[in-house]
Structure formats: structure tokens, C-alpha cells
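Structural description and commentary
Each chain, written out:
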Amino acid sequence: MSEAGLLELRNKLDNIDNELLKLINERMEVVHQVGVLKAHSGGAIYRPEREKAIIDRLESLNEGKLNRAAIEALFLEIFAISRNLELPENVAYLGPEGSFTHQAAEGRFGAMSSYVSISSIKGIFREVDTKKARFGVVPIENSSNGIVTDTINCLNKYNLKIIAEVVLDIHHTLASTCDKVEDIKRIYSKDIAFEQCRKFLANFGLDEVEQIPIESTTKAAKIAINEPGSAAICPHVGAKLNNLPILFENIEDKDNNRTRFFIISDFENGQSGNDKTSILVKLSDKQGALVDFLIDFKNAGVNFTKIKSHIAEGNSIFFIDFDGHKDDDGIKEILDKHKDSIKILGSYVKEIHDI
Ligand SMILES: C=C(O[C@@H]1C=C(C(=O)O)C=C[C@H]1O)C(=O)O
């Protein structure tokens, strides 16, 4: 290509960028006006259901090269930046830095938010409950390891709302300063990560090597970089952050290893037309009480996406997800009827059917 041709194309890009900048700033002005209205009415700044509606509309209008993922990546960042200009958002996540929960948080709240790494799920609920953070990001379930009981216990204990779900494909790497697998004498990781990589470890004879469970996969990388003869099972970013060489990528046994996260806050979402609701059901000892409850939902044609039994403080409770919003016709009546035995945890835009 000639120098002149390149110059011309770059000029074109500069002009487009100038327009984009002008338009985005104009958009920020309008977001600010919405923010002023919300401040008067006490409404929440973050409205995931509205953001989803915008992305859906843009996808349906789209005629260019961008696919849904690209539109989402661009616009979620624009939304996050506009929300931050209105009100800086503190996001508490299950750390340390580089953890999967951190990735889930950044995916939703973008590069401009301020993030606080918290070392326990309970700590995250406390941080949001005491208003030190506006949002908390916690894991709720993994496709290989099931439900996260600490999160259920905290949802039971605190009066916070689930305002969004985020689903992340979980990939692990084996990272080490050792050049050869045979030189690895110890592996550090989180207990569930060892579980998720059992077959890989067996295939490479690493099931014979000492496996040391610690609180997080990123901490594993931190240890492994300083300890000759050791390795870590950790996320790609965890290895990169610690300059730990990656020996193998995607070592998880299942190729659809996913974790679902909840974003918790102190407000309720409006209806989006594509919602999911999570509740906890505490039933009396009366036999068949759960069945009565489920039949009401079934008769109303409500689709359950998850039912898990769980013991909290000695009592048996059920964690249930179903399609629809708590204020939808048909659902509202059933929730009212059973209000003494249920706790509504939140209605939020449905990202996924089940993991
Ligand atoms: C501007 C609003 O507030 C926030 C910002 C949005 C945006 O930038 O378009 C959309 C939804 C909200 O999270 C709104 O509610 O319309």
C-alpha cells in the first residue's frame, strides 16, 4: 500500500474517532440528566435490565461487522463509564486480584470502577450491607462442584438483593518455573481447582505429587513463583500477573466448566421481559409442604431452572431459581400466598438457563 493511501485511511479513522468522541460525550450528558432524575426519585443508578434492552436493540439493528459479543463489550464499557461519572461505584469481589470472581466483576463493571478485593464471601456481604461497597460479586455455583454454601448462607442471613447473574467459562493453567513436568514436586491451588483438573493430573502422573490446597488460585501462583520445584493450578491472568511461566493451558477435565456469579446490592430491578428470580424456601415440618408449594408454581406454568436443598443453621431450606420476575402476573400471587415461608433474593436479567 502507498504511503498516501495509508495516510488517507488514517485521516478517515481520525474523523470517525472525533465523531465518536463527540457522540459519546453527548451521551454522557444525557446519562447525567437521567442521573439527576434518579437522584430526585431515589432510583438506583445501575439498571441491568435497561442495559440489556439497549444491547438487544442494537444487536437487532446491527448491519455491520460487529457481533453480539463485540457490541456487548463496547457498550457495557460505555455504560460502566457513564454510571461511574454519575456515582463512583465500589465493587467488592472475592479476591485476590486476578481471581475468577475478579474477572466476572471486571466483565460487568469495566475498567473505570474501583474494586475492593475481599478474602471471604461473608466479608463481601458485610461490605455491601454496611454500604462500603455498592456492589458485591460472589460465586454461587460451578458446573463441576455445585452450589457455594457460604453464598447461600449469606443470602439467607443478609437482606441484600441479587441484581444480576454473570456466567464465566472457567479455564485453568498449570504454571511453574520448572521446565519439565517431572521436576514438579508440589502443586498449590484451591481445593475445587484440583477437583476440576483430576484427569489432567492423572494423565501426567501429577496425582502422585503433593497437592497443597490454599485459599485461592492466584495465591497459588504467588507461592509457585518463589518456590523452586512447585507449580500452581491457576487462571491464565493469575499466572501472567505473577510472571509465572505457563506449561499447559485449559487443563480442566470438562470442556464446559463454568461458574455462575451473583452481583448483590441493596436495590431491586424492574421487569425486563427475560428475567429469572431466586428465592429461599423455608418450609415447616408439615409433610408435603414443598410439594404444595411447587404445585402452585407448576399450575401457574412457571419454569424452574434450579432446586437445591441446603441446611442453614440446622434448618432445611431450598434454593430455587425460576423463570420470570417476582412482579409478573401469576408469580406475584404465589409469592404472596407463601410469603411466610419464602425469602425473595432478587429478580434479574436471565443470562443463562442452567450451568
Ligand atoms: C442512563 C441510565 O442509567 C444507567 C446507564 C445506562 C446507560 O448508559 O445507557 C443504562 C442503564 C443504567 O445502568 C438509565 O437508567 O437509563
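Note that the structure is predicted; figures quoted are calculated from it, not measured.

On to the UniProt feature "domain: Prephenate dehydratase" (unreviewed entry) in the protein chain, then. In the numbering used here, UniProt assigns the feature "domain: Prephenate dehydratase" (unreviewed entry) to residues 90–266. End C-alpha atoms of residues 90–266 are separated by 13 Å, and the span's content is 32% helix alongside 32% strand.

A separate point is the domain arrangement of the protein chain. Each domain of the protein chain was delimited in the assignment, giving domain 1 (3–86), domain 2 (88–170 + 257–267), domain 3 (174–248) and domain 4 (271–355). Placing the centre of domain 2 and that of domain 4 at their C-alpha centroids yields a distance of 21 Å. Domain 2 puts 17 residues into the contact, and the matching count from domain 4 is 15 residues. Secondary structure elements with two or more residues in the side of domain 2 that touches domain 4: helix 6 (149–157), strand 5 (161–169) and strand 11 (258–265). Residue contributions to the side of domain 2 that touches domain 4 peak at seven residues, all from strand 5. Tallied by class, residues from the side of domain 2 that touches domain 4 come to eight nonpolar, four polar and five charged.

In space, the five strands of this open sheet follow the order 8-7-9-6-10, with mixed pairing throughout. Looking at strand neighbours, the two that pair on one side only are strand 8 (210–213) and strand 10 (246–248), the edges of this open sheet. Here the strands of the sheet are splayed against their neighbours by 30° on average, with no regard to which way each runs. Across three bridges, strand 7 (residues 186–189) lies against strand 9 (residues 230–234) in parallel orientation. Residue pairing for strand 9: I187 is matched across the bridge by A231. The strands touched by helix 9 (residues 217–226) are strand 6 (173–176), strand 7 and strand 9; relative to strand 9, the strand with the most contacts, the crossing angle is about 160°.

Moving on, we come to the site of the ligand. Taken together, the residues surrounding the ligand are V31, V34, I45, Y46, R47, R50, E51, I54, F79, S82 and R83. Those elements that provide at least two residues to the shell around the ligand are helix 1 (3–41), helix 2 (48–61) and helix 3 (68–86). Considered class by class, the residues forming the shell around the ligand number six nonpolar, one polar and four charged.

Below, the discussion takes up the pairing of strand 9. Within strand 9, five of the five residues are buried, which leaves it mostly tucked inside the rest of the structure. In strand 9, alternate side chains face the same way, and those of S230, A232 and C234 on one face and A231 and I233 on the other are all buried.

Rules used throughout
- Residues numbered from 1 in each chain as written.
- Predicted model: local features only at pLDDT ≥ 70, side-chain atom pairs only at ≥ 80, totals over all residues.
- UniProt positions renumbered as here; feature names shortened; annotations may be inferred.
- Helix = DSSP H or I, 4+ residues; strand = E, 2+ residues; numbered from the N terminus.
- Domains from an automatic or database assignment.
- Contact = placed C-beta atoms within 7 Å.
- Nonpolar A, V, L, I, M, F, W, Y, C, P; charged D, E, K, R; others polar.
- Pairing = 2+ DSSP bridges.
- Axes fitted to C-alpha atoms, helices over the stretch in contact; angles between N-to-C directions.
- Near = placed C-beta within 6 Å.
- Buried ≥ 20, exposed ≤ 12 C-beta atoms within 10 Å, placed from the backbone.

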